[in-house]
Structure formats: C-alpha cells, structure tokens
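Architecture and fold: a report
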Amino acid sequence: MKPSQIQAAIVASLAARYPAFTVDGHGGTFTEREVPLLLAKAPALLVACTGGKSFTAAGPGRWKGALNWALYVFGADSATTERDVLALDTVFDLTVWLPEQKWGIADARLLDPTSLTADNLYSGQVNILRVAVWGLTWTQSFYFTP
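Throughout what follows, the structure given in this document is the object of discussion. The model shown is predicted, which means the values in this text are computed figures rather than measured ones. Numbers given to residues run from 1 along each chain, matching the order in which its sequence is written. The predicted origin of the model limits local features to residues at a pLDDT of at least 70 and limits the giving and counting of side-chain atom pairs to 80 or more, whereas totals for whole chains, interfaces and linings rest on all residues. The side-chain quantities take in all heavy atoms of the structure and omit both hydrogens and water.

Turning to the environment of Lys53, a few remarks are in order. Strands are runs of DSSP state E lasting at least two residues, helices are runs of H or I lasting at least four, and both sets are numbered from the N terminus onward. Among the secondary structure elements, Lys53 is positioned in strand E2 (residues 44-57). Relative accessible area decides the class of each residue, using a 1.4 Å probe on protein chains only: under 20% of the type maximum gives buried, over 50% gives exposed, and in between gives partly exposed. A relative accessible area of 42% places Lys53 in the partly exposed class. Each C-alpha atom, one on Lys53 and one on Thr22, is 29 Å from the other, the two residues being 31 residues apart in sequence.

Dropping the structure here:
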C-alpha cells in the first residue's frame, strides 16, 4: 500500500463519520496566510501526512514504517453552533475515536494513544476570519509496497 492510498482511506472513514464536514486530503502543514483559501471548505477536516520514520524491511518488496499524520479541524459558525464549540467538540470526539482506527486497512496498526496530540491553533487573525482551527497529530504504523 502507498501513503496516498492510506490518506484516501482515512479521508473516506472521516467522511463517513462526519457527513456535515467537508473532508479532504491536504498536502501538509499550512501557514496562517493560507487560512482564507481554506475557509470555503469550513466546516472541514483536512488530513495530511507530515512525515515518516522507523522504516524497516518486512520481507521481499515490503516495508514497515510509521507515518506522522495531521488532521486539521475547521469550525465555522452555523445557525445552531458557534465555530469554537463545533471545533472543540469535534476534536475531542476524534481523540476518543482515532486510537481504534485502522481505516479499513488490514495491516495497519492501532495507533498508540500517547502519540495523539490536540492543539488549538486559534489566533486573533483566525478569529477575524470567523473560523476556529484545531490540529490533531498522531503516528501510526503501516506496511508498504513500492
């Protein structure tokens, strides 16, 4: 399996669980300047692979390694929920749900819950744009084939 296929599986799983959100893959981290470009998607979940480590041979043409993932949660105001409440509640739902996820991939390993972190990326500039942003990161092991 390739990392892009794993990312697509994560996106599909998140889209099924959070139908009210736009769920997409993302190329990596982003700066505050890019937030206005992402606003049209809010409320949104953006999934990015941010790196990898611990790659070892696992047989002919097969490798095992750990990928670092980031999930950005963009909350937007709605008629019933404020952006910060939506983002906060979604992040903490994810912190309970993510550790058990294998994304429908047989060789995936459950993630170590201690690798999961949640950070409020709120800033004054982001608030002016009327969006709340949280970032979740974790590391999870997979098997790869070239």
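Below, the discussion takes up the nonpolar core. In this description, a nonpolar core means a group of buried Ala, Val, Leu, Ile, Met, Phe, Trp, Tyr and Cys residues linked to one another through side-chain atoms lying within 4.5 Å. Counting 30 residues, the largest nonpolar core has Leu14, Leu45, Leu94, Trp103, Trp138 and Phe142 as its most contacted members. Going through the elements one at a time, helix H1 (3-17), E2, strand E3 (63-76), helix H3 (83-97) and strand E5 (131-144) are the ones with two or more residues in this core. By residue number, the principal contributor to this core is E5, which donates six residues. Should any heavy atoms of two residues lie within 4.5 Å, those residues are considered in contact. Among residues more than four places away in sequence, those in contact with Trp138 are Ile10, Leu67, Asn68, Trp69, Leu71, Leu98, Trp103, Leu111, Ser115 and Leu116. Of all hydrophobic cores here, the second largest spans 13 residues; its members include Ala42, Ala44, Leu46 and Val133.

The pairing criterion is simple: DSSP has to find at least two bridges between the two strands. As summarised here, the arrangement of the five strands in space is E1-E2-E3-E5-E4, forming an open sheet in which the pairing is mixed. For this open sheet the edge positions go to strand E1 (22-25) and strand E4 (117-120), each flanked by a neighbour on one side alone. Averaged over all pairs of adjacent strands, the angle between their axes in this sheet comes to 20°, without regard to strand direction. Here E1 runs beside E2; their pairing, made up of four bridges, is parallel. What sits directly across from Val23, in E2, is Leu45. A fitted line through C-alpha atoms serves as each axis, taken over the contacting stretch for helices, and the angle formed by two N-to-C directions is quoted from 0 to 180°. Contacting E2, E3, E4 and E5, H3 crosses the sheet at an angle of about 20° to E5.

Let us look at the packing of H1 against H3. Taken N-terminus to C-terminus, the directions of H1 and H3 make an angle of 120°; their axes are 13 Å apart at the nearest point. Relative to H3, the element H1 is oriented oblique. The two elements H1 and H3 meet at a crossing, and its hand is right-handed. Where H1 abuts H3, its residues Ser13, Leu14 and Arg17 lie against Asp93, Leu94 and Trp97. Tallied by class, the residues present in the contact of H1 with H3 amount to three nonpolar, one polar and two charged. If an angle is under 35 degrees, it is roughly parallel; if it is over 145, roughly antiparallel; if it lies from 65 to 115, roughly perpendicular; otherwise it is oblique. Crossing handedness: left-handed means the near helix sits turned counterclockwise from the far one by under a right angle, and right-handed means the same turn made clockwise. Amino acids are sorted into nonpolar (Ala, Val, Leu, Ile, Met, Phe, Trp, Tyr, Cys and Pro), charged (Asp, Glu, Lys and Arg) and polar (every other residue, Gly among them).

Once that is clear, we can look at the environment of Tyr18. Relative to the helices and strands, Tyr18 resides in the loop between H1 and E1. Using a relative accessible area of 8% as the deciding quantity, one classes Tyr18 as buried. Once the C-alpha coordinates of Tyr18 and Val35 are considered, the two residues, 17 residues apart in sequence, prove to be 21 Å apart. Residues within four places of Tyr18 in sequence aside, it is in contact with Val23, Leu45, Thr90, Asp93 and Leu94.

Attention shifts here to the packing of aromatic side chains. Aromatic pairing here means that ring centres of Phe, Tyr or Trp (its six-membered ring) are within 6.5 Å. Orientation follows from the plane angle: under 30 degrees is stacked, over 60 is edge-to-face, and everything else is tilted. Using the criterion set out here, one finds six aromatic pairs in the structure. Measuring from centroid to centroid gives 5.9 Å for Tyr18 and Phe21, while their planes differ by 80°, and the two rings are edge-to-face. For the pair shown, Tyr18 and Phe21 are each scored as buried. On the numbers, 5.7 Å between centres and 75° between planes, the contact of Trp97 with Trp103 is edge-to-face. Since its relative accessible area comes to 16%, Trp97 is described here as buried. You can call Trp103 buried: its relative accessible area is 5%. By the ring-pair criterion, three or more aromatic residues cluster together here, those being Tyr18, Phe21, Trp97, Trp103 and Trp138.

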